[in-house]
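Letter by letter, the chains look like this.
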Amino acid sequence: MSGVFGEEFKFPNIVLGAGATETIIASAIAERRDFLLRHKLAMWDVLASCKIEGAADASIRDAAPNDFTTIFESTQIHDVFCTGKTAYEFWNKYCANKYEQRYNLTSYCLPSTSPANAQWSTDKLIKEYKQITRFP
């Protein structure tokens, strides 16, 4: 997301690896929270829980969606961007009918940022994700 908005984090993910101090981790979290608030972005998983083998989306079963009612009632969110086809499919299966008309939402599918989606380079992902910046 920092690449989409042309910003660099003071604490990039590489700094947050093994050996990162609690102070650095807290600073990185604060930095990312500030970034999201400045750009009026909210991030949340479609699913509250599921059974999954490793990181294989195809293995997901017993999926239970999150309840977004409080989020949509207490914010002015108008657009929902799902990262990857699986997230978008779960959004459409469990959430679209419940929330889109009621809260005047439009949903979009963005490419997955998973390393398993190797056909998408970072530059190509950033270009595709820039559509987020068109929305206030």
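Residues numbered from 1 in each chain as written. Predicted model: local features only at pLDDT ≥ 70, side-chain atom pairs only at ≥ 80, totals over all residues. Heavy atoms only, no water.

Hey, could you run me through the nonpolar core in this one?
Most often, soluble globular proteins keep nonpolar side chains buried together rather than apart. In terms of nonpolar packing, the biggest core is built from 15 residues, with Phe72, Trp91, Tyr99 and Leu105 touching the most fellow members. When contributions to this core are tallied by element, the ones reaching two or more residues are strand E3 (79-83) and helix H3 (85-99). Tallying contributions element by element places H3 first for this core, with 5 residues. Trp91 has contacts with Val46, Phe68, Phe72, Val80, Cys82, Ala96, Tyr99, Glu100, Leu105 and Ser107, leaving out every residue within four places of it along the chain. Formed by 5 residues, the second largest nonpolar core is a distinct cluster that contains Val4, Leu110, Leu125 and Tyr129. (Core = buried A, V, L, I, M, F, W, Y, C linked by side-chain atoms within 4.5 Å. Buried < 20%, exposed > 50% of the residue type's maximum accessible area, 1.4 Å probe, protein only. Helix = DSSP H or I, 4+ residues; strand = E, 2+ residues; numbered from the N terminus. Contact = heavy atoms within 4.5 Å.)

Please clarify how the environment of Phe5 should be interpreted in this entry.
By secondary structure assignment, the location of Phe5 is in the segment before helix H1 (22-38). Take Phe5: its relative accessible area is 21%, and that puts it in the partly exposed class. Spatially, the C-alpha atom of Phe5 lies 14 Å from that of Lys124, the residues being 119 residues apart in sequence. The contacts of Phe5, once residues within four sequence positions are left out, are Phe35, His39, Leu41, Ile132 and Thr133.

Just to check I follow, could you spell out the packing of aromatic side chains for this structure?
Any aromatic ring pair is given by two values, namely how distant the centres are and how the planes are angled relative to each other. Within this structure, the stated rule accounts for 12 aromatic pairs. Judged by centre distance (5.3 Å) and plane angle (75 degrees), the ring pair of Phe9 and Phe35 falls under edge-to-face. One end of the pair, Phe9, is in the segment before H1; the other, Phe35, is in helix H1, and 26 residues separate them in sequence. A relative accessible area of 2% places Phe35 in the buried class. Among the aromatic residues, ring-to-ring pairing joins Phe68, Phe72, Trp91, Tyr99 and Tyr103 into one connected group. Here the guanidinium or amino end of Arg32 rests over the ring plane of Phe9, the centre of that ring lying 4.3 Å away. (Phe/Tyr/Trp six-rings, centres within 6.5 Å; stacked < 30°, edge-to-face > 60°. Lys NZ or Arg CZ within 6 Å of the ring centre and 35° of its normal.)

Honestly, the pattern of salt bridges in this entry has me stumped. Any pointers?
Pairing between side chains of opposite charge can happen when the charged atoms of each approach one another. The tally for this structure, following the rule as stated, stands at 5 salt bridges. A salt bridge links Arg38 to Asp34; the nearest nitrogen and oxygen atoms lie 2.9 Å apart. Taken together, the residues span about one helical turn, with Arg38 and Asp34 both in helix H1 at a distance of 4 residues. What makes Arg38 partly exposed here is its relative accessible area of 45%. (Salt bridge = Lys/Arg side-chain N within 4 Å of Asp/Glu carboxyl O.)

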